[in-house]
Amino acid sequence: MPSVQDWRAMVDVDLKGADFDERLVRTTHEGLTYQPLYTRAPEGPRADRAASWQLRVPVSSLDEAREAVEGGADALVPLEEFEGLQDLGLPILPRGVEVLAGQPLPEQQTPLTLDSTRFHEGGASDAQCLAALVAGGLYALRQAEQRGWDLQRTVDQMELCIGLDPSLFRGLAKVRAARMLWAAVLADCGLGATSALVVRPSNRTWGVCDPWVNLLRNTAVVWAGALGGADAIVSWPYDLLTGSSELGRRVARNTQHVLRLEAGLGRVQDPAAGSYAIESLTHQLATQAWAELQRLEAEGLADSLRSGAFLQRVEAVAAARDQDIDRRSLPLLGITEYAQLGEQLGEPPVDARFGGPFERMRAASEAFLADEGRRPTVVLATLGPLAEHNARA
């Protein structure tokens, strides 16, 4: 049987002197590497989910809550305060106090929620988000210990929430790495890793343009969360950014139903375990996140956020990613690639989404057309040879 060395020798012949890493190894702006061939990789702990995940549905009104109950939701996540939820017979989540670095916990023991999605939607890398999540958990445990709380009970009642991009394998690896990191920290503390892991889509990749593509983004996140071993998953309507419709909410729920009940994604524990590629990606994310966690511990999470040290590192990653998006080497389907130019656009929200600048540029073009009766004129100045300035350069 040919060995890896035999394979490499044949590849080197085909490369005709070209550099192997430059041609076949891809490195992302976050520092993750994708190899053309994987061999055995370090394996982490298995995802230990007792049963299939919990289907959580975000609701903004009592009518939406009733709709979710009829649509098979397991739990409700109210986005606004309104009366009547308690009468519907489903858990209302999250139950606890959200942990914010620098703010004290209540004196009486209560369930806690740790949510790293604000960093993710602000441009942080997956490793930075995981580090901030675990650093927040350590901050909460120290506060709980000072107040005399039962630490194992604190862990048992704690929820960890992470946001995912629609990258199937990277999202899957992120969920597995989150479980691995939290288990390692709790083991050092002499505690069992029993906190619930909640997954939801990160809005940063979603678009107002061609919103049907958001169906695919949502499906990829549910898939990654399910196979990564999430205990609960929240899915968004495809038209979330412009005001969710009944159809959008129904499809969001049914995406989870189909993957859970028809595809059976919840029937196998940690199906990615042993996959060399997934194990390698999980290990890379966990290693990067651990290094960032050590920096945050040395700086102090609250102090790092106040001084801007952590946010400066986030901004460096975000700037590299923005450059990739601007150059179209990181495509956004329906926004920078295969855009539906004939669709009618409203006014895009001003936020930190990846496609926001492109959507606002298109909205400005629409406004110019409405005012002037023609599209704005753009001059494309081509510099250098064709290979340097064509659309795929």
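Everything that follows concerns the structure shown earlier in this document.
Residues numbered from 1 in each chain as written. Predicted model: local features only at pLDDT ≥ 70, side-chain atom pairs only at ≥ 80, totals over all residues. Heavy atoms only, no water.

Asker: Just checking my understanding: could you explain the packing of helix H7 (residues 168–188) against helix H8 (residues 213–228) for this structure?
Answerer: Two packed helices can be described by the angle between their axes and the distance between those axes. Their axes nearest at 8 Å, the elements H7 and H8 cross at an angle of 40°. The angle between H7 and H8 places the two elements in the oblique class. Handedness of the H7/H8 crossing: right-handed. On H8, the residues touching Leu168, Phe169, Gly171, Leu172, Val175, Arg176 and Arg179 of H7 are Ala220, Trp223, Ala224, Gly225, Leu227 and Gly228. The residue makeup of the contact of H7 with H8, split by class, is eight nonpolar, three polar and two charged. (Axes fitted to C-alpha atoms, helices over the stretch in contact; angles between N-to-C directions. Helix = DSSP H or I, 4+ residues; strand = E, 2+ residues; numbered from the N terminus. Parallel < 35°, antiparallel > 145°, perpendicular 65-115°, else oblique. Left-handed = near helix turned anticlockwise from the far one by under 90°. Contact = heavy atoms within 4.5 Å. Nonpolar A, V, L, I, M, F, W, Y, C, P; charged D, E, K, R; others polar.)

Asker: Whenever I open this one, the sheet that holds strand S5 (residues 97–98) confuses me. Can you help?
Answerer: Backbone hydrogen bonds are what pair the strands of a sheet, in a parallel or an antiparallel way. Taken in spatial order, the seven strands of this open sheet run S4-S3-S9-S8-S7-S6-S5, and their pairing is parallel. The sheet terminates laterally at strand S4 (75–78) and S5, the two strands that pair on one side only. As paired strands, strand S3 (residues 54–59) and S4 are joined by four bridges and run parallel to one another. The residue bridging Val57 from the neighbouring strand is Leu76, located in S4. Lying over the sheet, H8 contacts strand S7 (158–164), strand S8 (196–201) and strand S9 (232–234), oriented at roughly 165° with respect to S8. Here helix H9 (residues 246–262) sits on the sheet and contacts S3 and S9; the angle it forms with S3, its principal contact strand, is near 175°. (Pairing = 2+ DSSP bridges.)

Asker: Is there a simple way to think about helix H13 (residues 356–372) in this case?
Answerer: Across its 17 residues, H13 extends 24 Å between first and last C-alpha, which sits within 8% of the 24 Å expected from 1.5 Å per residue. Turning to H13, the residues buried within the fold contact helix H12 (309–326). (Expected span 1.5 Å × (residues − 1).)

Asker: What am I meant to see in the pairing of S7 here?
Answerer: Working note: regular strand, side chains alternate between the two faces of the sheet. In terms of burial, S7 is largely enclosed, as seven of its seven residues are buried. The alternating pattern of S7 places Met158, Leu160, Ile162 and Leu164 and Glu159, Cys161 and Gly163 on opposite faces, both of which are buried. Taken together, the four bridges between strand S6 (residues 112–115) and S7 define a ladder with parallel strand orientation. Bridge pairing links Thr113 to Glu159 in S7. The sheet contact formed by S7 and S8 spans six bridges and is parallel. (Buried < 20%, exposed > 50% of the residue type's maximum accessible area, 1.4 Å probe, protein only.)

Asker: Please clarify how the pattern of salt bridges should be interpreted in this entry.
Answerer: Pairing is possible between side chains of opposite charge, provided their charged atoms come close. If you walk through the whole model with that rule in mind, you get 29 salt bridges. As a salt-bridge pair, Arg249 and Glu64 come within 3.4 Å of each other at their nearest N and O atoms. Taken as a pair, Arg249 in helix H9 and Glu64 in helix H3 (residues 62–70) lie far apart in primary sequence, 185 residues in all. Judged by relative accessible area, Arg249 falls into the buried class, the value being 13%. Here Arg295 and Glu292 are joined by a salt bridge, their closest N and O atoms 2.7 Å apart. Remark: Glu292 and Arg295 occur in helix H10 (residues 276–299); sequence separation between them is three residues, near one turn of the helix. On the basis of relative accessibility, which here comes to 3%, the residue Glu292 falls in the buried class. Where salt bridges share partners, they join Asp126, Asp165, Arg170, Lys174 and Arg204 into one cluster. (Salt bridge = Lys/Arg side-chain N within 4 Å of Asp/Glu carboxyl O.)

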